[in-house]
Structures are given as structure tokens and as C-alpha cells.
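Below, each chain spelled out in residue letters.
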Amino acid sequence: MMTRPHPTTPPQATRSVAAARPLVALLAMAVALGVTAPALAQAVPAATKPAAQRAPLPVPKPPDLNVAPLPAPADQGEIPAAAPYTLPPPRLPVSAAVAEAGGLPARVAQGSLTLLFRAGAETLDDGMIPVLGDVAARLKARPGERLDVHAHATGPADRASDARRTALLRARAVRDRLVSGGIDPLRLNIFADGTLVSTPAPGQPLPVPDPKAPPPDRVDLVFRP
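What this report covers is the structure whose coordinates are included nearby. All values derive from a computational prediction rather than experimental measurement. Along each chain, residues carry numbers from 1 onward, in the same order as the chain's sequence is written. In keeping with the model being predicted, local features are shown solely for residues with a pLDDT of at least 70 and side-chain atom pairs are shown and tallied solely at 80 or more, while totals for entire chains, interfaces and linings include all residues. Computation of side-chain values: all heavy atoms of the structure, hydrogens and water removed.

**Here we look at the overall build of the protein chain**
And then number 1: For the purposes of this entry, the term helix denotes a DSSP run of H or I that reaches at least four residues, the term strand denotes a run of E that reaches at least two, and both are numbered from the N terminus. Of the regular secondary structure elements, the protein chain holds six helices and four strands.
And then number 2: Its helices and strands in sequence order give the protein chain the pattern α-α-α-α-β-α-β-α-β-β, from N to C terminus.
And then number 3: The buried label goes to any residue with under 20% of its type's maximum accessible area, the exposed label to any with over 50%, and the partly exposed label to all in between, with areas taken from a 1.4 Å probe on protein chains only. Buried positions account for 23% of the 225 residues belonging to the protein chain.
And then number 4: Here a residue-residue contact requires only that any non-hydrogen atoms of the pair lie within 4.5 Å. If you take every contact in the protein chain between residues at least 6 apart in sequence, the share linking residues at least 24 apart comes to 78%.
And then number 5: All accessible areas in this document rest on Shrake-Rupley with a 1.4 Å probe, and a residue is counted as covered only by the protein chains that are shown. Taken as a whole, the protein chain presents about 17200 Å² of accessible surface, with 62% of it coming from carbon and sulfur.

**Section: the packing of aromatic side chains**
And then number 1: In summary, the pairing rule links any two rings of Phe, Tyr or Trp, Trp by its six-membered ring, whose centres are within 6.5 Å, and it sorts them by plane angle into stacked for under 30 degrees, edge-to-face for over 60 and tilted for everything else. This model, assessed by the stated rule, comprises zero aromatic pairs.
And then number 2: Working rule: Lys NZ or Arg CZ, within 6 Å of ring centre, within 35 degrees of ring normal, means a charge sits over the ring. Seen from the ring of F223, R138 lies directly overhead, with NZ or CZ sitting 3.9 Å from the centre.

**Some points on helix α6 (residues 160-180)**
And then number 1: Residue count minus one, scaled by 1.5 Å, sets the expected span of a helix. The terminal C-alpha atoms of α6 lie 31 Å apart, and with 21 residues this matches the ideal 30 Å at 1.5 Å per residue to within 8%.
And then number 2: When α6 is considered as a whole, its buried residues turn out to be A163, T166, A167, R170, A171, A173, V174 and L178. All buried residues of α6 fall inside an arc of 150° around its axis, so they share one side.
And then number 3: One or two positions beyond α6, positive phi appears at G182, with a value near 100°. The directions considered for the arc are those from the helix axis to the C-beta atoms.

No statement about biological role is implied by the geometric values presented.
Right, here's the structure in full:
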């Protein structure tokens, strides 16, 4: 004769029954002792009570998007007017040709002028001082003109920056001389250009310069309306 196996209780049901036994025993004891419902609620363990609901988060106040008006401009009626700017008096003497003829000498009467420099020289020669005096006299006689100062210099091919540095120093020397003679520096435009010179190999002849090309060490002064 075969016997049927007894059905086994699932583990989850077993745990639920075991957890409910203390509560059932507590209810039976309360009924026997006549304990009221509020007292019973206080006696229930805290773990069996439902969790309290969280208070809602406060809603932030919307920002104020109104822009404050700008303050009124300060009263500038009591500020005195600035004195008019005047150029300093010329410190370079006007050449004899300008003083006697009352006009411009021929060397600055044209639209351009060239100052020749020795190779490697960075300062003005004594012969350039009267020429720049005539240039300053022309610029003073024609206030609407401007002057372009194009400086050129030669330098070794292995040091490209040396030639441009020499040209820039020549241009600055010309500009400083004219400014000291009373010329507004805003009327002077400075340009610097360097020409690289390659050194021939031992035993090779020196390159023959082009006779039609302008001298590589010079400063060109070009008058602009």
C-alpha cells in the first residue's frame, strides 16, 4: 500500500507564520486583560508601525527678473575744459636754404628722399642731421602731409633677425630726430626690412651686386598727402 507524501510548507509562508505568532499572542493577552486599542497601538513594536510620511520639500521663491534702473549721469558742468595741446617748439634749426629762399630745398621738394647708411651702422651720420632738418621744415610747412620711413639693412643669412633689428634701429633714429624737431609722431609711419647676405664658400667669388638695384643699407623717406 502506497502512502502519499505530505505537502511541505514553503519557506516564505513559514517565516510569515513565525512573524505573526508574537502579534497573535499579544492580541489574545490584550483581550484577556481588557486593554484598549490606543494602549495596544503603543505596545506594538516600532518595527511593525508604518513609516511616517516625509514632509514636502519647500518650493524656492522665483528670482526677481526686474533690472534696477541705471543711476543718473554725474553732473560734469563744473569740470573745467582741458587746455588745448600745443606741440613743443622746434629744436632743430631750419637749414640755410629754407631760411634764405623762404621755401623748401630741392632735396626735400620731391616726393621721396633716401639716406644712405654704412653696412652695420645703426645711428645717424653727421651729414644726415641737416637733411632731416629740411624734412622737418617741409612737414611743418605742409601740416596735411605724412612721412613713411622705410628702413633697409643687410645681415648674415644664418641670423635673419639681425638685419631687421638694424633696420628698425635706423628707422627709430630718424623718427626720434624728427620728433625732437617738433614733428608729431602720429604723422610718421615706420617700416623695417632686412636683406640677408649669404657668405660664399671658401674659394668662391663674391656675388656681384646689381647696379640697377637700390643700395641695401638705406632709409627711404616718402612723403604722403
